[in-house]
Amino acid sequence: GAVVSQHPSRVICKSGTSVKIECRSLDFQATTMFWYRQFPKQSLMLMATSNEGSKATYEQGVEKDKFLINHASLTLSTLTVTSAHPEDSSFYICSAKPLSTSGISYEQYFGPGTRLTVT
Amino acid sequence: GEDVEQSLFLSVREGDSSVINCTYTDSSSTYLYWYKQEPGAGLQLLTYIFSNMDMKQDQRLTVLLNKKDKHLSLRIADTQTGDSAIYFCAENLGGKLIFGQGTTLQVKP
C-alpha cells in the first residue's frame, strides 16, 4: 500500500517550452501533496504544498507563475514548469500525505521522481 | 531555526553495524524520520519516531532520539550491500518535512 507514482519518469525538453509532471497516489487519498526539487548530491528542497481544491502554498523564493501546481482531485497533483530554461533542469519529487480520519497524519509517501533536462 | 545536519559520508564493511547521525535545531518537531534514497529513485520511508520516544527498533533498524541534545541516530545492524544508498533524516515542522543533506552509506563486501 501507500504507492505514489510520477509521470513521466524522465523528460527532455527544449528551452522555452512547458512541461507537466503528474503525481498520483495509487491506493490512498491525499488531501495534501508536496513538490520538491533535488539537485545532484543535495538534499530535497520543498517548493510548494498542494492542497486539494485550493491554491498551492509556495515556499519563499519559488516563482508561482513559473511552477504551476494544480491539485484537482484527492489522488492527483500536477506541476507544470512553464517556459523552462536549462537552470530548471533538476530531479522533481512529489510526496503525498494520506487522508486520515483521526486528523493525524505523520507519514508522507514519495514518488519515484521525474528527471527534467532542459536543453 | 530550521536546520537539519548530517555527516555526508559513511563507509562500513558488510556485516558491520552502521550508525548515521543527525542533529536538528527546532525543539517543536513532532516526528522525526529516516528516509532511504537509491540512485535515481525517490525516497523510501524507513522509519520514524515520535518526539516523546527515546528509542524505536524495527528489525535491523534502531532509532535513538536525544531530545535534550536534539540528536537523532539510525543504526543498521548487519549492514548489507543492498543498504548502500543515501539516508536522509527529516523533521516534521507544522506538517512540512525539513531534510538534512543526506548521508551516503557505502558498504564494502
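Predicted model only: the values in this text are computed from it and were never measured.

Enquirer: Any chance you could explain the side chain of T79(B) here in plain terms?
Expert: Residue and element names in this part refer to chain B. Tracing the chain through its elements places T79 in the loop between β8 (71–76) and β9 (85–93). Separated by 2.7 Å, the side chain of T79 and the backbone oxygen of D16 make a polar contact. Once you skip the residues sitting within four places of it in the chain, T79 turns out to touch V12, E14, G15, D16, S17, S18, R60, L105 and V107.

Enquirer: Explanation requested: the layout of surface pockets in the structure shown.
Expert: The gaps left among the atoms become clear once a water-sized probe is rolled over them. The calculated volume of the largest pocket comes to roughly 430 Å³. Around the largest pocket, the lining comprises 21 residues; the ones closest to its centre are Q38(A), P40(A), K41(A), Q37(B) and I86(B). Elements represented by at least two residues in the lining of the largest pocket include exactly β9 and β11 (103–108) of chain B. Top element by residues in the lining of the largest pocket is β9(B). It accounts for 3 residues.

Enquirer: Can you walk me through the sheet that holds strand β1 (residues 4–7) of chain A in this structure?
Expert: Strand pairing in a sheet relies on backbone hydrogen bonds. The paired strands run either parallel or antiparallel. All names here are of chain A. An order of β1-β3-β8-β7 is seen for the 4 strands of this open sheet, with the pairing classed as antiparallel. Strands at the two margins of the open sheet, each flanked by one partner only, are β1 and β7 (67–73). Shown here is a sheet whose adjacent strand axes are inclined to one another by a mean of 15°, direction ignored. Of the strand pairs in this sheet, β7 and strand β8 (residues 76–81) are connected by 5 bridges, and their pairing is antiparallel. From the neighbouring strand, S73 faces β8, where its bridge partner is L76.

Enquirer: What is the right way to look at the pattern of salt bridges in this model?
Expert: Opposite charge on two side chains permits them to pair, given that their charged atoms come into close proximity. According to the stated counting rule, one finds 6 salt bridges over all chains in the structure shown. Salt-bridge contacts for R24(A) lead to E22(A); the nearest nitrogen and oxygen are separated by 3.5 Å. Judged by its relative accessible area of 33%, R24(A) is partly exposed. Since its relative accessible area comes to 23%, E22(A) is described here as partly exposed. Taking the shortest distance from any N to any O, the salt bridge between K36(B) and E38(B) comes out at 3.4 Å. With a relative accessible area of 9%, K36(B) lands in the buried category.

Enquirer: I would appreciate a short explanation of the pairing of strand β9 (residues 90–98) of chain A in the present structure.
Expert: For a regular strand, side-chain orientation follows a simple rule: the groups alternate between the two sheet faces. Residue and element names in this part refer to chain A. Most of β9 is tucked away: 8 of the 9 residues are buried. With 8 bridges connecting them, strand β4 (residues 30–38) and β9 associate as antiparallel partners. When the bridges of β9 are listed, A30 appears paired with P98. Bridging between β9 and strand β11 (residues 114–118) involves 3 bridges; their strand directions are antiparallel.

Enquirer: I would appreciate a short explanation of the interface of chain A and chain B in the present structure.
Expert: When the parts come together, some accessible area is lost, and that loss is often what is quoted as the size of the interface. Across the contact, 18 residues belong to chain A and 18 residues belong to chain B. Summing the contributions of chain A and of chain B, the shared interface buries around 1,400 Å²; its carbon and sulfur component is 56%. Ionic pairing is found between K96(B) and E59(A), a salt bridge with its closest N-O pair at 2.8 Å. Summed over the shared surface of chain A and chain B, the result is 5 residue pairs in polar contact (both at pLDDT 80 or more). For the side of chain A that touches chain B, the secondary-structure elements that each account for two or more residues are β4, β5 (44–51) and β9 of chain A. Of the residues that constitute the side of chain A that touches chain B, the class distribution is 10 nonpolar, 5 polar and 3 charged.

The rules we used
- Residues numbered from 1 in each chain as written.
- Chains lettered and ligands numbered in written order.
- Predicted model: local features only at pLDDT ≥ 70, side-chain atom pairs only at ≥ 80, totals over all residues.
- Heavy atoms only, no water.
- Helix = DSSP H or I, 4+ residues; strand = E, 2+ residues; numbered from the N terminus.
- Polar contact = N/O pair within 3.5 Å; in protein donor to acceptor, adjacent residues only side chain to side chain.
- Contact = heavy atoms within 4.5 Å.
- 1 Å grid on protein atoms, 1.4 Å probe; cavity = no way out; pocket = protein on both sides within 12 Å on 5 of 7 lines; lining within 4 Å.
- Points joined across faces, edges and corners; volume = space filled by probe spheres on them.
- Pairing = 2+ DSSP bridges.
- Axes fitted to C-alpha atoms, helices over the stretch in contact; angles between N-to-C directions.
- Salt bridge = Lys/Arg side-chain N within 4 Å of Asp/Glu carboxyl O.
- Buried < 20%, exposed > 50% of the residue type's maximum accessible area, 1.4 Å probe, protein only.
- Buried area = accessible area lost by both parts, 1.4 Å probe.
- Nonpolar A, V, L, I, M, F, W, Y, C, P; charged D, E, K, R; others polar.

Shape is all these values report; function is a separate question.
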